[in-house]
Amino acid sequence: MLNVLTYCFRTAAQSIRMNILLNLVTIVTITITFIIFISFILIMLNLSLVKQNWIDQLHVIVYLKDDAPQRDIEALRQSLVQMAEVHSVHFISKEKALTILRTSLQGQDGILEGLTMNPLPASLEISLNESCLTPEGVETFVNKIIKSACIADIEYGQKWLERFLAFFGILKITGFTLGGLLFIFTLFIISNTIKLMVYNRRSEIEIMRLVGATSHFIRLPFCIEAMIQGILGALFALLFTYTVLQLGFKSLFLSFQFYLDAGSIVLLDFPISLYVLLLGAILGLAGSLASLSSIDEMQA
Amino acid sequence: MIEFHNVSKFYDNSIAALTDITLKINKGDFVFITGQSGAGKTTILKLIFSSEKATKGELIVNGLNITRIKSSAIPYFRRQLGVVFQDFKLIPRKTVFQNVALALEILGNRNKVIKKKVWQVLKWVGLLQKKDAFPPQLSGGEQQRVAIARAIINNPIILLADEPTGNLDAALALDIMKLFRAINARGTTIVIATHNSSIAESFSDTVVSIERGQIKGQPSERYSF
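Asks: So what about the overall build of chain A? Which residues, and what values?
Replies: If you tally the helices and strands in chain A, you get nine helices and four strands. If you list the helices and strands of chain A from N to C, you get α-α-β-α-β-α-β-α-β-α-α-α-α. Buried residues in chain A amount to 25% of all 300 residues. In chain A, 87% of the contacts between residues at least 6 apart in sequence involve partners at least 24 apart.

Asks: Residues and numbers for the pairing of strand β1 (residues 2-10) of chain B, please.
Replies: All names here are of chain B. Across six bridges, the pairing between β1 and strand β2 (residues 16-25) is antiparallel. Residue pairing for β2: K9 is matched across the bridge by L18. Bridge analysis of β1 against strand β4 (residues 56-61) gives five bridges, and the strand direction is antiparallel. Looking at the pairing, I2 lines up with V61 of β4.

Asks: Describe in detail unusual backbone geometry, supporting the description with residues and values.
Replies: Residue and element names in this part refer to chain B. Backbone geometry places F88, a non-glycine residue, at a positive phi of 70°. Relative to the helices and strands, F88 is located in the loop between β6 (81-85) and α3 (96-105). Positive phi is not limited to glycine here, since R212 has a value of about 50°. Here R212 lies in the loop between β9 (206-211) and β10 (214-215).

Asks: So, the nonpolar core: which residues are in play, and what are the values?
Replies: Burial of nonpolar side chains together is a common tendency in soluble globular proteins. Among the nonpolar cores identified, the biggest contains 102 residues, and I48, V100, A149, L160 and V191 of chain B are the most heavily contacted of them. The greatest single-element share of this core, amounting to 14 residues, is contributed by helix α8 (residues 215-259) of chain A. Setting aside chain neighbours within four positions, we find L160 of chain B in contact with L45, I48, F49, L81, V83 and V191 of chain B. Residues V62, L64, L124 and C150 of chain A belong to the second largest nonpolar core, which totals 13 residues.

Asks: Tell me about the sheet that holds strand β2 (residues 86-92) of chain A, and name the residues and values.
Replies: Hydrogen bonds between backbone groups are what pair the strands of a sheet, and the pairing can be parallel or antiparallel. All names here are of chain A. Spatial strand order, β2-β3-β1-β4: four strands in an open sheet with antiparallel pairing. Across the chains shown, the open sheet's two edge strands, defined by having one partner strand only, are β2 and β4 (151-155). If you compare each strand with its neighbour and ignore which way they point, the axes differ by 20° on average. In the packing of helix α3 (residues 70-81) onto the sheet, the strands contacted are β1 (59-64), β2 and β3 (123-128), and the crossing angle to β2 comes to about 160°.

Basis of the calculations
- Throughout this document, residue positions are counted from 1 along each chain, in the order its sequence is written.
- Chain letters start at A and ligand numbers start at 1, both assigned in the order the entries are written.
- A pLDDT threshold of at least 70 governs which residues receive local features in this predicted model, and a stricter bar of 80 or more applies before side-chain atom pairs are shown or counted, although totals over entire chains, interfaces and linings include all residues.
- The helix and strand labels rest on DSSP assignments: H or I over at least four residues marks a helix, E over at least two residues marks a strand, and numbering proceeds from the N terminus.
- Remark: C-beta atoms are placed from the backbone, and a residue is labelled buried if 20 or more other C-beta atoms sit within 10 Å of its own, exposed if 12 or fewer do, or partly exposed between those counts.
- Here, residues touch in the contact sense if the C-beta positions derived from the backbone fall within 7 Å of one another.
- Two strands qualify as a pair provided DSSP detects at least 2 bridges between them.
- Here, a nonpolar core denotes buried Ala, Val, Leu, Ile, Met, Phe, Trp, Tyr and Cys residues that are linked to one another through C-beta atoms within 7 Å.
- Orientation is described by axes fitted as lines to C-alpha atoms, over the contacting stretch for helices, and by angles from 0 to 180 degrees between their N-to-C directions.

Written out as structure tokens, the structure is:
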């Protein structure tokens, strides 16, 4: 078995050497496809982190009436803390709210000089548990608490959350569709290359059948050749993407991290690279198998 | 060794390539199948080789009924046979050594074993000095010797040859026939299809004449040269 595998690898390597131009064109095409795919994966992964980070930071702000008694506010706070949906509740007094505003307006707090009274209401800042952090979950929670007499208004960024999630959903569908099309394209390229090689070597295949070679023995070098094309294409794509990231686009990603408050960002790491290489090998194998059925028709 | 029992072969358009062939070839026989072009000589070899399947009748080769053989079993059956063709059927991009070694490589033999056997057989056919040459660099007679070397390297029980001297001149044809004679002397059953009846008469123990897909008379036994 080992000797047969050695023969097949040797034959595949010889074929690559003999058809260097054809293999080069195929590998370059696969590389370009994978560059697009890897770029899209990185964007999708990082946007997914952004989404999760924003959702994790999502708060429900309950604005309290100015004339609400302190004991009623405290009772409300206690009841909220005990609710299953709630992770934590923080009370922000009118004075603290004004202080926070002054801090955020640093350098421009002259705007507040003319104020004779504090217009800001006290509020309860509610963090929800992860299981409720969906537009539907948040809305259900809000509907539960809105009837309280102390509450003047509730804000939870419903509009932007829905829009962002819808945008992300569209992006995901686009990503999967694009990924699917790219894979089909890659399969097509590899399949056609192997078909061409089988056609070029049809006399040799006939002779191999004459001396008793099985279909598997004949097919295996072609499969190995296609897998090598897939792996090399994926590898060059990884190297290109890594180089581009190192040369300058890394700073772009890092600013993306800052402005969108994305938390940690995902760049090319070992697991992702390994999956990409594995995908290259699988695409190569699938592409070759799709085109090798004609070998069975080549009877000696 | 080879038994044809009322074998017929029809192609799609109902043209009969062979009709009701009954023939027995024993182990160690050296048999010529003669006839004009289109008589059915090659079809007989193709049936033995399992490149075609008989439409009617049964064909037994070395105890195996190959009219019922599964497609997946054919490669393993063919490893017991050696085949030589008029057009040599060598792989031009492989050296003489590699062409002959192919029959051993598909069996998964180790490189050491392959090298030893290929050297032995190339020496036997007189082509060891050309082991690194490519087929287009060889003469017709040399290419046919390479094809014969590949055919016998696995010590086949049966060697089939379809017009092996068709592309060769008389002198070279004689050399090739002597080689076949030597292979037969080692115990291999040989079946050669040829339209050259004079060669058959010079070399054969048994001559089977085919005309329009049928055996003419009884296979004759001739004094072998």
